[in-house]
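Examining the three-dimensional arrangement
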Amino acid sequence: MAFAENRSFLMILFEDALGANSELTGCDSVITTPPREENIHDGQSVRYIRNFNKIPFWFPIRATFCRAQQIYDRIRTLDFGGKVFEPYLPLLRKIVYSNDDFKNPTDVIHDEPLDMGLLFLRTAREDFREVLKMKIPGLTPYYNRQSTNGYGINDYLTVPDNQMKSFRIIVESGNENILIDQAKAPSFVQGDDVVVVGGPFAGVEGKVMRFQSQKRVFVDIPGLGCFGTAYVPAKWLRRIE
């Protein structure tokens, strides 16, 4: 039994090593990875890795040649024995006003991609590896360029559920004053961790900062960018202890 578990452990390392040798795609962040286990002979670390690989994460995907929509549609049709694959294609929701009738303008909701090559997939790590093995045209995972996991291997970039929730609320708000350019974000030298409890950005968790004389909440996703709400009144902010 010990031999079988150690063999599975080596196979896991071999698969990760293959993934780590792929081309890196500009990710700079520290990601969630399993801690190093010193004793691998009692089977504890093997069981830990197996459980860790079954935890669902959001995996950012870089779609080459503007194939984000095609990859999104392909993933939605995947069926691996009933396993769940939740793709997400971030679309900026904008309200376009018609000028046909100045006194009674009509509004049309228009969705456009946040980034022509960015989408996400929520699934377990072991299932994400299976998706990569399918060699879907244009699909490239994000890797961590600067940090490695406990075994010295570059791992896939992941985004926690709470950050993805905040990110989606901002992107889908329909507010034209949101900030999605990392270069425009203020420095995170100071600022309380808060949650928005009212208004169109309710549910967003991040750091409150003053930008252009307005209180805004910023969600920093290392490796992908910094995303800020529009103005949020102080009465709708609650400090996270």
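Structure: see above.
For every chain, the first residue of the written sequence is number 1, and numbering continues from 1 along that sequence. The model is predicted, so local features are restricted to residues of pLDDT at least 70 and side-chain atom pairs to those at 80 or more, both for listing and for counting; the totals for chains, interfaces and linings are taken over all residues. Remark: hydrogens and water are excluded; side-chain values derive from all non-hydrogen atoms of the structure.

Turning our attention to the packing of aromatic side chains. Ring pairs are drawn from Phe, Tyr and Trp, using the six-membered ring of Trp, whenever the two centres fall within 6.5 Å, and their geometry is named by plane angle: stacked under 30 degrees, edge-to-face over 60, tilted for the rest. For the structure on display, the rule yields ten aromatic pairs. Look at Trp58 and Tyr88: their rings are 6.4 Å apart centre to centre, the planes differ by 75°, and that puts the pair in the edge-to-face class. Placement of Trp58 in strand S1 (residues 56–63) and of Tyr88 in strand S2 (residues 86–88) is noted, with a sequence separation of 30 residues between them. Only protein chains enter the accessibility calculation, which uses a 1.4 Å probe; a residue whose area is less than 20% of its type maximum is buried, one above 50% is exposed, and one in between is partly exposed. In this structure Trp58 comes out as buried when scored by relative accessible area, which is 4%. The class of Tyr88 is buried, set by a relative accessible area of 6%. Taken together, a centroid distance of 4.9 Å and an interplanar angle of 80° make the contact between Phe167 and Phe227 edge-to-face. Here Phe167, found in helix H5 (residues 161–171), pairs with Phe227, found in strand S10 (residues 225–228); they are 60 residues apart in sequence, far enough to count as distant. Grouping residues by exposure puts Phe167 and Phe227 together as buried. In textbook terms, an aromatic cluster arises when at least three aromatic residues are bridged by ring pairs, as seen for Phe57, Phe59, Phe128, Tyr143 and Tyr156. Only runs of H or I of at least four residues qualify as helices and only runs of E of at least two qualify as strands under DSSP, and these elements are numbered from the N terminus.

Moving on: the nonpolar core. For the purposes of this section, nonpolar cores are sets of buried Ala, Val, Leu, Ile, Met, Phe, Trp, Tyr and Cys residues that join through side-chain atoms within 4.5 Å. Core analysis: the largest hydrophobic core is formed by 28 residues, its most contacted members being Phe120, Phe167, Phe201, Val204 and Leu224. Sorting the residues of this core by element identifies strand S5 (118–124), H5, strand S7 (193–196) and strand S9 (214–221) as the ones contributing at least two each. Considering each element in turn, this core owes the most residues, five residues, to H5. With residues near it in sequence (within four places) discarded, Phe167 still touches Tyr88, Pro90, Leu114, Phe120, Ile221 and Phe227. Grouped together as the second largest cluster of nonpolar side chains are 20 residues, Phe57, Ala63, Leu132 and Tyr143 included. Any pair of residues with heavy atoms lying within 4.5 Å of one another is described as a contacting pair.

What is shown is where atoms sit, not what they do.
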